[in-house]
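Coordinate analysis (summary)
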Amino acid sequence: MGVVNVTPDSFSDGGRHLGPAGGLAHARRLVAEGADRLDVGGESTRPGAAPVAEAEEIGRVVPLIAAIRAESDVPVSVDTMKPAVARAAVAAGATMWNDVTALRHAPESLDVAAELGCEVVLMHMQGEPATMQAEPHYDDVVGEVAAFLQARAQAALAAGVARHKIWLDPGVGFGKHMVRHNLPLLHGLKAIVGLGFPVLLGASRKSFIGALDGGGRSADQRLGGSLAAALWGAQAGVAAVRVHDVRETVQALRVWAAMARGGG
Ligand code: HH2
């Protein structure tokens, strides 16, 4: 899954692909590089990011999704916590709602997801984006994330979301200490895969990679660590990885898969 952020302030690529034209050029590039899906986002979730009004967010993502849809069959997800944005994105051709709040942001989120009939990504986050990195606390990070995701999947099923439309995501970096929480969570990823839903892993360019590499690496200097995390995810059985560097990730996964098969 290639990331297309049409935001001025995303932590890894904010401001680089602004406007439908910039976003479309980036989307085309990611598809040419081998992305099987695109994730279009119009609001940054990084701590301290400015909130975006609903109409503004729709104005950022909908024209881009429509433009991608007009020229490509690549499945598109919309990265939003707002049901109205998800609704507009699905009307424009998105087939997946990627929600970092696991359909908890608005009271109607679960019902809207069921009504839209799209795939949903239910991601774990402790706290709210603005403050989530202040003091995250877990007694057992893998167990707590797994229990949360299991409960959100049950809530989605109870609201009428079809079982085969549900994806889970452990939410690397969302209300988790860079090393103390993200590393045990990644180490225990198989427990999340074992819940029986496809898992999406988003570790690309995240801060724990910089922390493990001496602390001084900016987001676009974290490719090596991002590839290591993608391969770790593949080995643990995740169904997709959400990445910024598609070409390099596709190559790494192809080589890993060939070695895993033992040839061919
Ligand atoms: N990470 C980010 C955003 N959305 N969605 C899922 N399902 N999983 C993730 O790990 C995830 C996500 C953060 O990355 P990015 O989009 O590059 O930054 P920002 O939120 O600042 O736009």
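It should be emphasised that the depicted structure is a prediction, and the values quoted were computed from it without experimental measurement.

Thresholds, definitions, all that
All residue numbers refer to positions counted from 1 along the written sequence of the respective chain. Since the coordinates come from a predicted model, pLDDT governs what is reported: local features require at least 70, and pairs of side-chain atoms require 80 or more to be given and counted, while whole-chain, interface and lining totals use all residues. In computing side-chain values, all of the structure's heavy atoms are included and hydrogens and water are not. With axes taken as lines fitted to C-alpha atoms, and helix axes fitted only over the stretch in contact, angles between N-to-C directions fall between 0 and 180 degrees. Note on conventions: DSSP H or I runs of at least 4 residues are helices, E runs of at least 2 residues are strands, and numbering of each starts at the N terminus. Orientation categories follow fixed angle ranges, with anything under 35 degrees roughly parallel, anything over 145 roughly antiparallel, 65 to 115 roughly perpendicular, and all other angles oblique. The hand of a helix crossing depends on one turn: near helix anticlockwise from the far one by less than a right angle means left-handed, and clockwise means right-handed. Two residues form a contact once any of their heavy atoms are found within 4.5 Å. The buried label applies to any residue whose accessible area, calculated with a 1.4 Å probe on protein chains only, is under 20% of its type's maximum; exposed applies above 50%, and partly exposed to all values in between. Pairs of strands are assigned from DSSP output, requiring at least two bridges between the strands. Seen with its strands pointing away from the viewer, a crossover is right-handed when the path leading from the first strand over the helix to the second is clockwise. N or O atoms closer than or at 3.5 Å make up a polar contact, with two conditions inside protein: a donor-capable atom paired with an acceptor-capable one, and, for residues adjacent in sequence, both atoms drawn from side chains. Between Lys or Arg on one side and Asp or Glu on the other, a salt bridge is scored when a side-chain nitrogen of the former is within 4 Å of a carboxyl oxygen of the latter.

**Notes on the packing of helix α4 (residues 109–116) against helix α5 (residues 141–159)**
Direction vectors running N to C along α4 and α5 enclose 60°, while the axes themselves pass 9 Å from each other. By the angle class used here, α4 and α5 are oblique. The handedness of the crossing between α4 and α5 is right-handed. Mapping the contact onto sequence places L110, D111 and A114 in α4 and R152, A155, A156 and A159 in α5.

**Topic: the environment of R28**
Looking at the secondary structure, you find R28 in helix α1 (residues 19–32). Using a relative accessible area of 46% as the deciding quantity, one classes R28 as partly exposed. In this structure the C-alpha to C-alpha distance between R28 and I68, which are 40 residues apart in sequence, comes to 8.0 Å.

**Some words on the pairing of strand β5 (residues 119–123)**
Burial of β5 is extensive: five of the five residues sit out of reach of the surface. In terms of strand pairing, strand β4 (residues 96–99) meets β5 through four bridges, oriented parallel. Paired with D99 across the strands is L122, a residue of β5. This β-α-β element, β4 to α4 to β5, shows right-handed connectivity. The pairing of β5 with strand β6 (residues 166–169) spans four bridges and is parallel. By the bridge assignment for β6, M123 is matched with D169.

**Quick notes on the environment of R222**
Within the element layout of this structure, R222 appears in the loop between α8 (207–212) and α9 (223–236). Judged by its relative accessible area of 12%, R222 is buried. Sequence separation of R222 and R205 is 17 residues, and the distance between their C-alpha atoms is 5.2 Å. A distance of 2.8 Å separates a polar atom in the side chain of R222 from the backbone oxygen of R205.

**Remarks on the pattern of salt bridges**
Here the structure, examined in full by the defined rule, presents twelve salt bridges. Of the charged contacts in the structure, one is a salt bridge between R29 and E33, with a shortest N-O distance of 3.0 Å. Exposure remark for R29: the relative accessible area of 48% places this residue in the partly exposed category. Between D79 and R242 there is a salt bridge whose closest N-O contact spans 3.3 Å.

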